[in-house]
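Summary of the model geometry
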Amino acid sequence: MTEAEGSYRTPYTAYPGGSIPPASTTPADGRSDLWTFFWLTLANTAIISTAGIVAWWFVH
């Protein structure tokens, strides 16, 4: 097994409630989490933008 196939080793210790992923997190899992965050960010931006446009339309 090569380094790329193994789990990602973070130099920091994970603690309960912390934002540091555990050492057992694989690079594929990390990329999956980043893509999930990306799409959720786009969805939230669209929701907030739509609400702002609708509010502006009601005011004017």
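Presented here is a report on the structure given in the accompanying data block. (Residues numbered from 1 in each chain as written. Predicted model: local features only at pLDDT ≥ 70, side-chain atom pairs only at ≥ 80, totals over all residues. Heavy atoms only, no water.)

1. Details of a nonpolar patch on the surface
A cluster of nonpolar side chains, namely Trp35, Phe38, Trp39 and Leu42, defines an oily patch on the protein surface of about 470 Å² accessible area. Here Trp35 is to be found in helix 1 (residues 27–59). (Patch = residues over 30% accessible without salt bridge, like charges linked within 9 Å, V, L, I, M, F, W, Y side chains within 5 Å. Areas by Shrake-Rupley, 256 points an atom, 1.4 Å probe, with all protein chains shown as cover. Salt bridge = Lys/Arg side-chain N within 4 Å of Asp/Glu carboxyl O. Helix = DSSP H or I, 4+ residues; strand = E, 2+ residues; numbered from the N terminus.)

2. Quick word on the packing of aromatic side chains
Inspection of the entire model under this criterion finds three aromatic pairs. With a centroid separation of 5.4 Å and an interplanar angle of 90°, the aromatic rings of Trp35 and Phe38 are classed as edge-to-face. Linking Trp35 with Phe38, this pair stays in helix 1, spanning three residues, or about one helical turn. Ring geometry for Trp57 against Phe58: centres 5.3 Å apart, planes inclined by 50°, an arrangement best described as tilted. Trp57 sits in the exposed class, given a relative accessible area of 59%. Through successive ring pairs, a cluster of aromatic residues spans Trp35, Phe38 and Trp39. (Phe/Tyr/Trp six-rings, centres within 6.5 Å; stacked < 30°, edge-to-face > 60°. Buried < 20%, exposed > 50% of the residue type's maximum accessible area, 1.4 Å probe, protein only.)

Just distances and angles here, no functional claims.
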